[in-house]
Amino acid sequence: MAQENDSSGEPISKWEKFYDNIFLLFILGMGIPFTLYTIWGVYEIFSTPLSPLVN
Amino acid sequence: MSVQSLQPGWWKTPVHKEERIWITVALIWCILMTLIMPLWHVVGEHNPSAEYYRIAPEDFDKLTDEFIDKYKVGVEGDFAVVEPPAGADIFLRGSQWQWDPVLKLKVNETYRLHLSSIDVLHGMSIYPINLNFEAVPGYDYVLTITPTSTGTFNIICNEFCGISHHNMMGKIIVQ
Amino acid sequence: MEATAEQFRTCATTGLKVHGPAENLIKTNAVTAIVFLLVGGIVGLTLVLTRWQAVHLLDDEWFYRMLSLHGIAMLVAWMIFFEMAILYFASAVLLNCRLATPWAGWLQFLLMFVGAAIVAVEILLGNADVMFTSYVPLKADHMYYLGVIIFAVGAIVGCLVFFGTLVVAKKEKTYSGSMPLVTFGAAAAAIIALFTLVHGAITFIPTWAWAAGLAPMMDAELYRMLFWGFGHSSQQINVAAMVAVWYLLGTLTVGAIPINEKVCRTAFVLYILFINIASEHHLLVDPGLGIEHKIWNTGYFMHLAVLASMIHAFSVPAAVEVALRKKGFTRGAFEWLKKAPWGNPAFSALAISLVGFGFLGGITGVVYGTEQVNIIAHNTMRIPGHFHATVVVGTTLAFMGLTYYVLPLIFLREVAFPKLAKIQPYLFGLSMYVVSITMMIAGGFGVSRRSWDMSGIESPFQVNFGPVVDLNLAIMGIAGVLACIGGAIYCVIAVATLLIGKKVEA
């Protein structure tokens, strides 16, 4: 990720490293919607109560 | 250039004032949009129902038949016309390709409408007031409704349900 | 496998090193995409002529069949084949790198082509009158689902080749610092694509097993939820790819430089993180999902993914303005706009795509996706009105604009019929504006989408929508025909350029 021979010698910003880390973005981009939409959604659907009109 | 790689240090470039203003305005708008949906559940009267149950399509079919037998007041073509008392549990059954039964309701009375399908997905769209809900087999979707105007309303199926989908029309009469 | 020097050529215009195998894959995918656009366009013409009530061309069976094919050919095949070309371009070409595992690239093409072909044939044979959504319990022949699965696997392979190329470029140090913005945008599209395709797999594999008689049916609501993780997210790939193409077109047409890379990249990161939860928009009036789930997910994580689009909506035109002002168009507030290269089809495509996507597609998307508004918009013609503004005016037109640069730069041929090319984006884009708007208006009156006949002509209870709706649909019909002509011109230009276009020096 980091450029070892950075000419200015300054450390590279953490944000630049984060944005360059496509793999980490990939993990987050899969994980967040999977948790919020898919897993939560599956939980909601399977926790639907049975109809009280049917005994 | 958007096609050239960037040398380190780009994060430090300050954001121009005009762009900062734009982003701030957009962010405020986004927050308002986010708040309005839950807020409307508190102050508004036009919200999707959160009452639903799991029900086998055969059971829903039977419940609708019982409902029709109990409150039937006539027929219109092949359809039973049903006039339930105010406050009753009423049933609307979607099947390929009809909405059963024809409902006769009283204005300004509240009913619990049970919406489901006994075969494939259907969509209940009430014309001309344009209210749309999904009829999903296996689910009893309970909509608490209060008709506020009299007249005849059509129920258009708006979820593709097979080749005769466009002929799937139902009727609600409000007196 | 190391790439040899002979496999590369240096582009005379841009100075970029172009890897031969990557270039061949870009060409093949782009040409296939255009073939599917042509098929989908012809089908689209029959559809618009059917919903134009006075013409009512097709019978009911063929209308629904063609509607299924239109969705698959356009939303899936045209878009994703073109996006594969973009992924290979943004990785191998822009990073001056060899394409990782070209054989896997060809596997991607083969699988996607076979999958799309199976799906198209199944629909045409009448074995899959189930629409793009194929909601269970409506059942198609099991080969249909298999075709979708094969296509999706091909697209997954393509995304992996893209990521592999990013790794190779980093390892072989073909670029220094951070990757170009266009590549970053393409990476966002690829990440969104993998989320999409994983949902495609978990939706269609069990459904295929059910159709083949090997497994019980999936719960109908569960199918809807999982399907839209695929169905809507696939359109978010188009959004991310389109925005990357906007930046690319800005640079190619007027030399635009993104005014702040930090802001642009943050917007793409917001897409990656949050845009896919918006699949919930389709489920707002469904049973089985609670209010909290609906509000939170349609809220795009506090609308931060919407904020991202708002950022691009500022950042792309601002970059274009700055570039044009640098060229000396500094008089008054709008000289740069007046003197912009409106005759360059890539530039006019960019402008029409950006404005149409933002004002017609984006805003309606966010509004119709509001829980309460959705009650009056769900499954009415407002919805196709919305997505014809996003996917057709937005993405398709942006890709068309890009083609006018791909032809000389990758295919090394001068664009044929330059005068026709000049008017093509206007004809296609502006007609589609009208199509979208008239669809939304008809939807406002409660006209349902996916309906062969809105009045229920053979039904015991008929509906009379009245002359306003008929007029609207007639305008939609005329504009739709014009848009089809605009699309046909694009296909003719592309094909003619490939066959008879003058060769450009490599």
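Source: prediction; values computed, not measured. (Residues numbered from 1 in each chain as written. Chains lettered and ligands numbered in written order. Predicted model: local features only at pLDDT ≥ 70, side-chain atom pairs only at ≥ 80, totals over all residues.)

### Observations concerning the sheet that holds strand 6 (residues 102-105) of chain B
All names here are of chain B.
Now for step 1: Read from one edge to the other, the open sheet built from seven strands follows the order 2-3-6-12-11-8-9, with strand pairing classed as mixed. Looking at strand neighbours, the two that pair on one side only are strand 2 (72-76) and strand 9 (131-135), the edges of this open sheet. Averaged over all neighbouring strand pairs, the angle between strand axes comes to 25°, with direction disregarded.
Now for step 2: Bridging between strand 6 and strand 12 (residues 169-174) involves three bridges; their strand directions are parallel. (Pairing = 2+ DSSP bridges. Helix = DSSP H or I, 4+ residues; strand = E, 2+ residues; numbered from the N terminus. Axes fitted to C-alpha atoms, helices over the stretch in contact; angles between N-to-C directions.)

### Section: the interface of chain C and chain B
By a widely used convention, the size of an interface equals the accessible area lost when the partners come together.
Now for step 1: Counting residues at the interface gives 70 residues for chain C and 63 residues for chain B.
Now for step 2: Broken down by secondary-structure element, the contributors of at least two residues to the side of chain C that touches chain B are helix 2 (60-93), helix 5 (181-211), helix 6 (220-231), helix 7 (233-254), helix 8 (261-274), helix 9 (291-298), helix 10 (300-326) and helix 13 (371-377) of chain C.
Now for step 3: The biggest single contributor to the side of chain C that touches chain B is helix 10 of chain C, with eight residues.
Now for step 4: Taken together, the residues of the side of chain C that touches chain B break down into 37 nonpolar, 20 polar and 13 charged. (Contact = placed C-beta atoms within 7 Å. Nonpolar A, V, L, I, M, F, W, Y, C, P; charged D, E, K, R; others polar.)

### Observations concerning the nonpolar core
Residues and elements named next belong to chain C.
Now for step 1: Counting residues in hydrophobic clusters, the biggest one holds 246 residues, and the most contacted among them are Ile192, Ala240, Ala244, Val245, Tyr271 and Ala305.
Now for step 2: Here this core takes 25 residues from helix 2, the largest share from any one element.
Now for step 3: Apart from residues no more than four positions distant in its own chain, Ala305 is found in contact with Leu270, Tyr271, Phe274, Ile275, Ala278 and Tyr300. (Core = buried A, V, L, I, M, F, W, Y, C linked by C-beta atoms within 7 Å. Buried ≥ 20, exposed ≤ 12 C-beta atoms within 10 Å, placed from the backbone.)

### Some details on the pairing of strand 6 of chain B
Now for step 1: As judged from the two bridges shared by strand 3 (residues 79-82) of chain B and strand 6 of chain B, these two strands associate in the parallel manner. When the sheet's bridge partners are listed, B:Val82 is paired in strand 6 of chain B with B:Leu103.

### Brief notes about the sheet that holds strand 4 (residues 89-95) of chain B
The pairing of strands in a sheet comes from backbone hydrogen bonds and takes either a parallel or an antiparallel form.
Residues and elements named next belong to chain B.
Now for step 1: Here we have five strands laid out as an open sheet, ordered 1-10-7-4-5, and mixed in their pairing. Looking at which strands have only one partner, the edges of the open sheet turn out to be strand 1 (51-54) and strand 5 (98-100). In this sheet, neighbouring strand axes are inclined to one another by 20° on average, regardless of whether the strands run parallel or antiparallel.
Now for step 2: Helix 2 (residues 57-71) rests against strand 4, strand 5, strand 7 (111-117) and strand 10 (139-145) of the sheet, and its axis sits at about 125° to strand 4.

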